[in-house]
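Secondary and tertiary structure notes
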Amino acid sequence: MGQVFNEPRDLLEVVQREKSAGKTFAFANGCFELLHVGHIRYLQGSKEEADYLIVAVNNDESIGRIKPDRDPINREHDRMEIIAAFECVDFVVPIAEDTPISLIELLQPDVHCKGSDYTVDQLVERPIVEAYGGRCAIVGGPKVQSTRDMLKTMRDQGR
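In this text the structure is predicted, and so the values were computed from the model without any measurement.

What follows deals with the state of the cysteines. Tallying each qualifying case throughout the model produces zero disulfides. With no disulfide partner, C31 has as its closest neighbouring cysteine sulfur the one in C113, 17 Å distant. We note that C136 lacks a disulfide partner, and the nearest cysteine sulfur, in C113, lies 8.7 Å from it. For C136, a relative accessible area of 13% puts it in the buried group.

Written as structure tokens, this is what we have:
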């Protein structure tokens, strides 16, 4: 089970210690409001990129800004605990901003991972990652599910 760090700065010491021992870190992020197989593939694919996987979970306020059409289904601490329960996840931190840029600058993961609904060229984080010598990777296989579509299906079916 992954360890939850409510303060990302508290994880920095662990990252620095493990990197000095030659270990590598992958970084993934998302809202993870309603889990589906695409999330699982994304997290597993991210873990395959490094020794450790850090997952940043958008907090409730940031979801309100980036997805103003809906409220989070599960509260941020519940979502963080759920993500931490996955075997492939080593560390979980919250994202208070709309993008993970400040966390990436702080933790400097070796690999910044995004799902297949992106291309490396689309990543606003790419210049920051490459500036410190990291790389970006698209992982998790084809995007065939989305939380938005799942919520629409549930509404349409009256659930």
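Burial of strand β3 (residues 52-58) is extensive: six of the seven residues sit out of reach of the surface. Sheet analysis places strand β2 (residues 25-30) next to β3, joined by six bridges and oriented parallel. Among the inter-strand pairings, A28 is bridged to a residue of β3, identified as V55. As for the winding sense of the linkage, the β-α-β connection from β2 through helix α2 (residues 37-47) to β3 is right-handed. One ladder, built from five bridges, connects β3 with strand β4 (residues 91-95); its direction is parallel. By the bridge assignment, V57 is partnered in β4 with P94.

A few words now on helix α4 (residues 76-84). Listed in full, the buried residues belonging to α4 are E76, R79, M80, I83 and A84. Axial view of α4: buried residues confined to an arc of 135°, hence all on one face. Against β1 (3-4), α2, β3, α3 (60-66) and β4 lie the buried residues of α4.

The subject of this paragraph is the sheet that holds strand β5 (residues 111-115). Pairing is parallel across the open sheet formed by six strands, whose spatial order is β1-β4-β3-β2-β5-β6. Each edge of the open sheet carries a strand with a single partner, namely β1 and β6 (135-139). Strand contacts of helix α1 (residues 8-20): β2, β3 and β4, with the helix running at about 140° to β4, the strand carrying the most contacts.

Parameters and conventions
- Here the residue index of a chain counts from 1 through its sequence in written order.
- Reporting in this predicted model follows two pLDDT cut-offs: at least 70 for local features of residues, and 80 or more for side-chain atom pairs to be given and counted; totals over whole chains, interfaces and linings ignore these cut-offs and use all residues.
- Excluded from the side-chain calculations are hydrogens and water; all other atoms, namely the structure's heavy atoms, are used.
- Put simply, a disulfide is two cysteine sulfurs that come within 2.5 Å.
- Partly exposed residues are those whose accessible area sits between 20% and 50% of the maximum for their type, while under 20% is buried and over 50% is exposed, using a 1.4 Å probe and protein chains only.
- Helix and strand definitions here come from DSSP, where helices need a minimum of 4 consecutive H or I residues and strands a minimum of 2 consecutive E residues; each element is numbered from the N-terminal end.
- Two strands are counted as paired when DSSP detects at least two bridges linking them.
- With strands facing away from the observer, any crossover in which the path from the first strand over the helix to the second runs clockwise is taken as right-handed.
- The directions considered for the arc run from the helix axis to the C-beta atoms.
- Between two residues, a contact is recorded if the distance between any of their heavy atoms is within 4.5 Å.
- To get an axis, a line is fitted to the C-alpha atoms, and for a helix only the part in contact is used. The angle between two axes follows their N-to-C directions and goes from 0 to 180 degrees.

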